[in-house]
Amino acid sequence: MAAHLLLPGGTRDASDIVEALLVAASARESTAPALAARWRQIADDIGDALDALPPPRHNTQETET
């Protein structure tokens, strides 16, 4: 299954989501291990997708105003 996320904060927001999923998974490990494993898998999938993105481009030329 695939998901398309539009995040106003860009990759920073995605990183926050990954961190939140991992924290939640740790909190539920003893009471819901299957759910915790699923949340970790989602975090890993998002992390892999972030790693696959091309590096950001920086404009090194200054613009005249």
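Residues numbered from 1 in each chain as written. Predicted model: local features only at pLDDT ≥ 70, side-chain atom pairs only at ≥ 80, totals over all residues. Heavy atoms only, no water.

1. Overview of the nonpolar core
Counting five residues, the largest nonpolar core is built from Ala-14, Val-18, Leu-21, Ala-43 and Ile-46. When contributions to this core are tallied by element, the ones reaching two or more residues are helix H1 (11-28) and helix H2 (33-52). A per-element tally of this core places H1 first, with three residues. Discounting chain neighbours no more than four positions away, the residues touching Ala-14 are Leu-7, Ile-46 and Leu-50. (Core = buried A, V, L, I, M, F, W, Y, C linked by side-chain atoms within 4.5 Å. Buried < 20%, exposed > 50% of the residue type's maximum accessible area, 1.4 Å probe, protein only. Helix = DSSP H or I, 4+ residues; strand = E, 2+ residues; numbered from the N terminus. Contact = heavy atoms within 4.5 Å.)

2. A closer look at the pattern of salt bridges
Here the structure, examined in full by the defined rule, presents one salt bridge. In this structure, Glu-29 engages Arg-40 in a salt bridge whose closest nitrogen and oxygen atoms are separated by 2.6 Å. Here Glu-29, found in the loop between H1 and H2, pairs with Arg-40, found in helix H2; they are 11 residues apart in sequence, far enough to count as distant. In this structure Glu-29 comes out as partly exposed when scored by relative accessible area, which is 35%. (Salt bridge = Lys/Arg side-chain N within 4 Å of Asp/Glu carboxyl O.)

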